[in-house]
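The residues making up each chain are set out below.
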Amino acid sequence: MSFNENVRGIYQDQLKSLQNAGIFKVERFIHSAQAADIEVEFPSGSSLKKVINMCANNYLGLSSHPEVVKAAHEGLETRGYGMSSVRFICGTQDIHKELERKVTEFLGTEDTILFPSCMDANAGVFEAILTDEDVMISDRLVHASIIDGIRLCSAMHDTFKHSNMEHLEQKLQLHSDKRFKVVITDGVFSMDGDTAKLKEMVELCDKYDAMVFVDDSHSSGFIGKTGRGTHEHCGVMGKIDIITTTFGKALGGASGGCVSGRKELVEMCRQKARPYLFSNTIAPVVVSGVLKVLEILSKSTERRDKLEANTAYWRKGLTEAGFVLQPGDTPIVPVMLFNAKLSQDFSKDLYDEGIYAIGFFFPVVPNGKARIRTQISAGHEIQHLDKALDAFIKVGKKYDILGKSKKEIIEKYGL
Amino acid sequence: MENIKDIVLEYVINEYLEDEDEELTYDTPLISGGIVDSFSMVSLKRFLEAKYKISIPDDKATPEAFDTVNKITELVKEFTG
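Residues numbered from 1 in each chain as written. Chains lettered and ligands numbered in written order. Predicted model: local features only at pLDDT ≥ 70, side-chain atom pairs only at ≥ 80, totals over all residues. Heavy atoms only, no water.

*Asks:* Could you give me a rundown of the nonpolar core, with the residues and numbers involved?
*Replies:* Soluble globular proteins tend to pack their nonpolar side chains together in the buried interior. All names here are of chain A. Trp314, Phe346 and Phe392 are the most contacted members of the largest nonpolar core, which totals 79 residues. Counting residues per element, this core draws most heavily on helix α12 (residues 284-299), at eight residues. Counting residues in each nonpolar core, the second largest holds 27 residues, with Ala128, Ala155, Val182 and Met211 among its members. (Core = buried A, V, L, I, M, F, W, Y, C linked by side-chain atoms within 4.5 Å. Buried < 20%, exposed > 50% of the residue type's maximum accessible area, 1.4 Å probe, protein only. Helix = DSSP H or I, 4+ residues; strand = E, 2+ residues; numbered from the N terminus.)

Quick look at the structure:
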């Protein structure tokens, strides 16, 4: 069938139904480098507005750090722009191997393999290491990319209630007949900002002979005393069999990801993971930037310490102002509004006040749990946070939600 | 066969409901209603197979056949004779 008017009409109707449902995604164009202060064109065609960015994954403020930019320039000069090949033909440079070694060292694992993104790492890893004799048991709130990877794998799949270790234990018992069992979780969950119970999980997996998989994309670089991730934070360094993570968030924020863990599992990915085999790996310029990021983070914990202090300051300010927050201590700080329309109106009013923060609602988060997800950065200074707090309080007063409980907000605005 | 219904209902409530206030009947749409995602069906299938010592072929274990407690009961009855 050609793309005739009938076909076009069907797609137009689908797009219109997304708009009608209020879930049509619109991009905002940033005319500056990624940072705490950015210049944004929104809506499209409007004049530029200076705003404070409160929704980037730029946790360590390294996305535009001068040393990282300089290292990337040097990489571009010495290793060129592209590889024009997948890894196993002629797409592997010395710096790709160097980055794999440095990530292994940083995460405290046995070996590492780079992927074009963590989405690709998660999409490829399960199919490469498991068969239909095995079972994958995942937390019900894991990231979409893990769900895609699970779908591509022939192993049986089951889930356990979010962070519910009793339920996980029941599932480990239910599937005790399987050859391999892999328990799958995010380290820090991206929507709620809570941390997986890795210590308990590792104990259960020891008891039932299961492997542990952790996606530490929202943790690597800043969670744990030296920023190694949730395995450091939970005291289980060396006990996680597979870690996936991204270089697209705290670790420079450009792109790329990896699988890091047991050397045989990493080698299986090198032999069998399709996103590794059939796609170019990370461009040399990005590899050079990430190497510098790891060097900066290995020298000093200054940036993750500042992030921790900023996060505590922000949480305290919002709590004292009377907002309902998701509990936790990570830089993902969701301000709960419960009602979808309220989350959109709130976000728009914040933008008018010069604060860029996005409202999330169903299906991105469960129905009735709409929120503004704020994300704190080491790139924020106290004056950024104070200005953002003033704006949140002003808008919070407008909608009369300060000091109100979840029940009161839902009574006022509905679910 | 009321007993099967109640056993399935109890399992679904314990397995899938996060909020204790949620109510579930024999005809509440589980999969199309977003209570059970199609991924999580596997534990229900394994539970039924172990409990009633039956084997449900994959082509019968469809989201439609698992959509309500009543439909699941019908499916179990088909295999228990």
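*Asks:* I'd like to hear about α12(A), residue by residue, with values.
*Replies:* Residues and elements named next belong to chain A. Taking 1.5 Å of rise per residue, the 16 residues of α12 would be expected to cover 22 Å, and the 23 Å separating its terminal C-alpha atoms lies within 8% of that figure. In terms of burial, α12 is largely enclosed, as 12 of its 16 residues are buried. Within α12, the full set of buried residues consists of Pro284, Val286, Val287, Ser288, Gly289, Val290, Leu291, Lys292, Val293, Leu294, Ile296 and Leu297. (Expected span 1.5 Å × (residues − 1).)

*Asks:* Run through the sheet that holds strand β14 (residues 370-375) of chain A, naming residues and quoting values.
*Replies:* Residues and elements named next belong to chain A. Sheet architecture is open: three strands sit in the order β11-β14-β13, paired in antiparallel fashion. The sheet is open, and its two edges are formed by β11 (332-338) and β13 (358-360), each paired on a single side. Each neighbouring strand pair of the sheet contributes to a mean axis angle of 30°, computed without reference to strand direction. Bridge count between β11 and β14: six bridges; the pairing is antiparallel. By the bridge assignment for β14, Met336 is matched with Arg371. (Pairing = 2+ DSSP bridges. Axes fitted to C-alpha atoms, helices over the stretch in contact; angles between N-to-C directions.)

*Asks:* How would you sum up the interface of chain B and chain A? Please name residues and give values.
*Replies:* The partner chain A presents 16 residues to the 10 residues of chain B that form the contact. A per-residue breakdown of the area chain B buries against chain A is headed by Glu15(B), Phe39(B) and Arg46(B), which together make up 56% of the total. There are three salt bridges connecting chain B and chain A. Glu15(B) is the salt-bridge partner of Arg140(A), the closest N and O atoms lying 2.9 Å from each other. One can count 10 residue pairs in polar contact (both at pLDDT 80 or more) joining chain B with chain A. (Contact = heavy atoms within 4.5 Å. Buried area = accessible area lost by both parts, 1.4 Å probe. Salt bridge = Lys/Arg side-chain N within 4 Å of Asp/Glu carboxyl O. Polar contact = N/O pair within 3.5 Å; in protein donor to acceptor, adjacent residues only side chain to side chain.)

*Asks:* Break down the confidence of the model for chain B for me, with residues and values.
*Replies:* Residue and element names in this part refer to chain B. For chain B, per-residue confidence averages 85 on the pLDDT scale, and 93% of positions sit at 70 or higher. For chain B, per-element mean pLDDT is lowest for helix α2 (residues 41-52), which scores 86, and highest for helix α3 (residues 69-80), which scores 90. We note a pTM of 0.93 for the whole complex and an ipTM of 0.79 for its interfaces. (pLDDT = per-residue confidence, 0-100.)

*Asks:* Help me get a handle on the pattern of salt bridges, residues and values and all.
*Replies:* Pairs can form between side chains of opposite charge once their charged atoms are near each other. All names here are of chain A. Tallied over the entire structure, the rule returns 36 salt bridges over all chains. Lys171 serves as the salt-bridge partner of Asp158, at 3.1 Å between the closest nitrogen and oxygen. Within this pair, whereas Asp158 is found in strand β6 (residues 156-160), its partner Lys171 is found in helix α7 (residues 165-174), the two being separated by 13 residues in sequence. Each member of the pair, Asp158 together with Lys171, is buried. Where salt bridges share partners, they join Arg87, Lys97, Glu100, Glu267 and Arg270 into one cluster.

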